[in-house]
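# Observations on chain architecture
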2 protein chains.
Amino acid sequence: MVVILVKEVRVIGIKLEKFISENDDLPLLLFEAAVKQGTPMMDNDIIAITHTAVAKAEGLKIPLSQVNPTHKEKAIALLLRREYDPRVIALAVREAREIVRIDRGHLITSTYFGHVTANTGVDLSNVDGGNSAIILPRDPDEIAEKYRMRFKELGVTVAVIIMDSSGRPLRRGEVNIAIGVAGMSSIKDLRGKRDLYGRILKVKKIAVADEIAASAELVTGSCSEGIPAAIIRGVSFDPIDTPTGSLLVRDPQEDLFL
Amino acid sequence: MVVILVKEVRVIGIKLEKFISENDDLPLLLFEAAVKQGTPMMDNDIIAITHTAVAKAEGLKIPLSQVNPTHKEKAIALLLRREYDPRVIALAVREAREIVRIDRGHLITSTYFGHVTANTGVDLSNVDGGNSAIILPRDPDEIAEKYRMRFKELGVTVAVIIMDSSGRPLRRGEVNIAIGVAGMSSIKDLRGKRDLYGRILKVKKIAVADEIAASAELVTGSCSEGIPAAIIRGVSFDPIDTPTGSLLVRDPQEDLFL
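Since the structure is predicted, the reported quantities are computational estimates derived from the model, not experimental observations.

Let's shift gears to the interface of chain A and chain B. Contact residues are listed per partner, giving 84 residues for chain A and 84 residues for chain B. Between chain A and chain B, roughly 8,200 Å² of surface is buried when both sides are summed, and carbon and sulfur atoms account for 58% of that area. Inspection of the chain A/chain B interface yields eight salt bridges. Between arginine 168 of chain A and aspartate 210 of chain B there is a salt bridge whose closest N-O contact spans 2.6 Å. Our count for the chain A to chain B interface comes out at 38 residue pairs in polar contact (both at pLDDT 80 or more). Taken together, the elements giving at least two residues each to the side of chain A that touches chain B come down to strand S1 (8-14), strand S4 (98-103), strand S5 (106-110), strand S6 (116-118), strand S8 (159-168), strand S9 (171-182), strand S11 (205-206) and helix H6 (208-220) of chain A. In the side of chain A that touches chain B, the residues fall into 37 nonpolar, 19 polar and 28 charged.

Attention now goes to the pairing of S5 of chain A. All names here are of chain A. By the criterion of burial, S5 is predominantly enclosed, with five of the five residues buried. Residues His106, Ile108 and Ser110 line one face of S5 and the alternating positions Leu107 and Thr109 line the opposite face, and both faces are buried. In terms of strand pairing, S4 meets S5 through five bridges, oriented antiparallel. Paired with aspartate 103 across the bridge in S5 is histidine 106.

Time to look at the pattern of salt bridges. Within the structure shown, the criterion is met by 30 salt bridges over all chains. Two residues, arginine 150 of chain A and glutamate 153 of chain A, come together in a salt bridge whose shortest N-O distance is 2.8 Å. Of this pair, arginine 150 of chain A and glutamate 153 of chain A both sit in helix H5 (residues 140-154), three residues apart, roughly one helical turn. Assessed through its relative accessible area of 23%, arginine 150 of chain A is described here as partly exposed. Given a relative accessible area of 62%, glutamate 153 of chain A falls into the exposed group. Ionic pairing is found between arginine 171 of chain A and aspartate 210 of chain B, a salt bridge with its closest N-O pair at 2.9 Å. Here the residue arginine 171 of chain A occupies a position in strand S9, and aspartate 210 of chain B occupies one in helix H6 (residues 208-220), the pair thus bridging two chains. Each of the two residues, arginine 171 of chain A as well as aspartate 210 of chain B, counts as buried. Look at the salt bridges and you will find they share partners, linking Asp25, Arg150 and Glu153 of chain A into a network.

With that out of the way, let us pick up the environment of glycine 192 of chain B. Residues and elements named next belong to chain B. Topologically, glycine 192 is positioned in the loop between strand S10 (188-189) and strand S11 (205-206). For the pair glycine 192 and isoleucine 177, spaced 15 residues apart in the sequence, the C-alpha separation amounts to 26 Å. Not counting residues up to four positions away in its chain, the partners in contact with glycine 192 are Ile200 and Leu201.

By a simple turn and slide, chain A fits onto chain B: the slide is 0.0 Å along the axis, the RMSD is 0.0 Å, and the turn is 180°. Considering both components of the superposition, the chain copies are consistent with a two-fold axis. Residue by residue, 100% of the interface of chain A is reproduced at the interface of chain B, so both copies engage with the same surface.

Before going further, it helps to spend a moment on the packing of aromatic side chains. Throughout the structure, instances matching the rule amount to two aromatic pairs over all chains. If you follow arginine 138 of chain A out to its NZ or CZ, it ends over the ring of tyrosine 112 of chain A, 4.1 Å from the centre.

Another aspect to go through is helix H1 (residues 26-36) of chain A. A turn of α-helix holds 3.6 residues, and therefore any two residues three or four places apart point the same way. Restricting attention to buried positions, one finds in H1 of chain A the residues Leu26, Pro27, Leu29, Leu30, Phe31, Ala33 and Ala34 of chain A. One or two steps after H1 of chain A, the chain reaches glycine 38 of chain A, where phi turns positive at roughly 90°.

For threonine 117 of chain B, the location among the structural elements is in strand S6 (residues 116-118). Residue threonine 117 of chain B is classed as buried on the basis of its relative accessible area of 6%. In terms of polar contacts, threonine 117 of chain B uses its side chain to reach the side chain of serine 166 of chain B, at 3.3 Å. Once you skip the residues sitting within four places of it in the chain, threonine 117 of chain B turns out to touch Phe257 of chain A together with Leu107, Ile108, Thr109, Thr111 and Ser166 of chain B.

This part covers the nonpolar core. Of all hydrophobic cores here, the largest spans 112 residues; its most connected members are Ile161 of chain A together with Ile161 of chain B. If we skip the residues at most four places from it in the chain, isoleucine 161 of chain B touches Ile46, Ile47, Ala48, Ile49, Ala178, Gly180, Val181, Met184, Ala209, Ile212 and Ala213 of chain B.

Residues and elements named next belong to chain A. Spatially, three strands are ordered S4-S5-S6 in an open sheet, and the strand pairing comes out antiparallel. The open sheet terminates on both sides in strands that have one partner only, identified here as S4 and S6. Pairs of neighbouring strands in the sheet enclose a mean axial angle of 25°, with direction left out of account. One ladder, built from three bridges, connects S5 with S6; its direction is antiparallel. Paired with threonine 109 across the bridge in S6 is threonine 117.

Conventions used here
Residues numbered from 1 in each chain as written. Chains lettered and ligands numbered in written order. Predicted model: local features only at pLDDT ≥ 70, side-chain atom pairs only at ≥ 80, totals over all residues. Heavy atoms only, no water. Contact = heavy atoms within 4.5 Å. Buried area = accessible area lost by both parts, 1.4 Å probe. Salt bridge = Lys/Arg side-chain N within 4 Å of Asp/Glu carboxyl O. Polar contact = N/O pair within 3.5 Å; in protein donor to acceptor, adjacent residues only side chain to side chain. Helix = DSSP H or I, 4+ residues; strand = E, 2+ residues; numbered from the N terminus. Nonpolar A, V, L, I, M, F, W, Y, C, P; charged D, E, K, R; others polar. Buried < 20%, exposed > 50% of the residue type's maximum accessible area, 1.4 Å probe, protein only. Pairing = 2+ DSSP bridges. Least-squares fit on C-alpha atoms with pLDDT ≥ 70 in both. Phe/Tyr/Trp six-rings, centres within 6.5 Å; stacked < 30°, edge-to-face > 60°. Lys NZ or Arg CZ within 6 Å of the ring centre and 35° of its normal. Core = buried A, V, L, I, M, F, W, Y, C linked by side-chain atoms within 4.5 Å. Axes fitted to C-alpha atoms, helices over the stretch in contact; angles between N-to-C directions.

Next comes the structure, spelled out in structure tokens:
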């Protein structure tokens, strides 16, 4: 009898039965929900969590009634020539490290951690029906590391990815990307490894954390699923003690495409 | 007793025991290998295939000994100031619709199907140890559709994605993307759908085929694994009869980031 080892990765959605609120212990909620649904977390799992869930637990939810746009922010909202709420634009401007472009109805900015995206990631979806917006964390790696340590306290050694959906240059549609990564290298460096025919690979760095975030979106979805996180099981990674999400951000100065 | 339905996506590598050669019936090889390893393909699976495997079966493998670079091509190779084989650069120039940029040791071009990438995707890895290069198909959607019809003949109704690894602007590392897509929509349009709180989503198009390609890389890998394809199971999609890979390519004229 021939036994063939099948390489398989499982992407398991974690469904939460309750809405997430500020100061919730999100790792605990996810850990318990995974047990309850019959798929407990295991050592070497990767836990990918939507930024929306993280923002709610970390107090990054801003009631729009508390935002008073300045004249400049109102002017930018007008420039965009769309039905944007000036308060959302005000938040996007305030959370941006830099305004990259205002063009064709879109405000493109860079976040404090260097990610270039629309509206600085300020989002009204899946928050509370339009009354509040969520903003991106200033340092998503720090939160990923905090959650990783919390999972360790709960008894599992896992890697943690905080992910957000984002548009990208040159291609249509959004994909999930990793904005915070802890417990694993975000980039797999294959240079020096040999291919199927023994040839040494010269240039090959894989943004594996972005690929994991993308795979997680296949179960978390983006609208009414109530699945704020996924367990990714079967991806081997080297444990690492410093967060690595920021390594995925390329400095525009060294960009080959721009 | 409470039964909780767990949303799960499985990404199953298909291992081939033999090297792929020109005129091989790749869908048949993959179909049979999946049976042999105990994970037969099923209706509604998505079959993601590496472009390298496709290129070998489709005769897109070029022995470098047959490539004679022109003076202009040699000059470009010199401009790149790296240890590039001028014959690889010659192929990259010939397969390009347009040279986008020659900068800092990199040749950035657009392919005939509009994808902007390094060296027009001409690659020596996993081909035959460095003697031959593979080139990208001129119309990957057409091959995806051909394979989808072949799988149908073999008895399974699946979607097919042909994928390649590619660098991208603004972020470090390569990820797998979908260059050819058949049998499913490459982009999931959620506009008009409601979120968890009943709010209608305004802007939300997900490049689901790119996310699936990214997830497939987690099992196919990029070096010595001998896994040229993956079965993705558990992603619901609407069957569609026209290929959709080209829809993922954004015209630079309408790009918001560039």
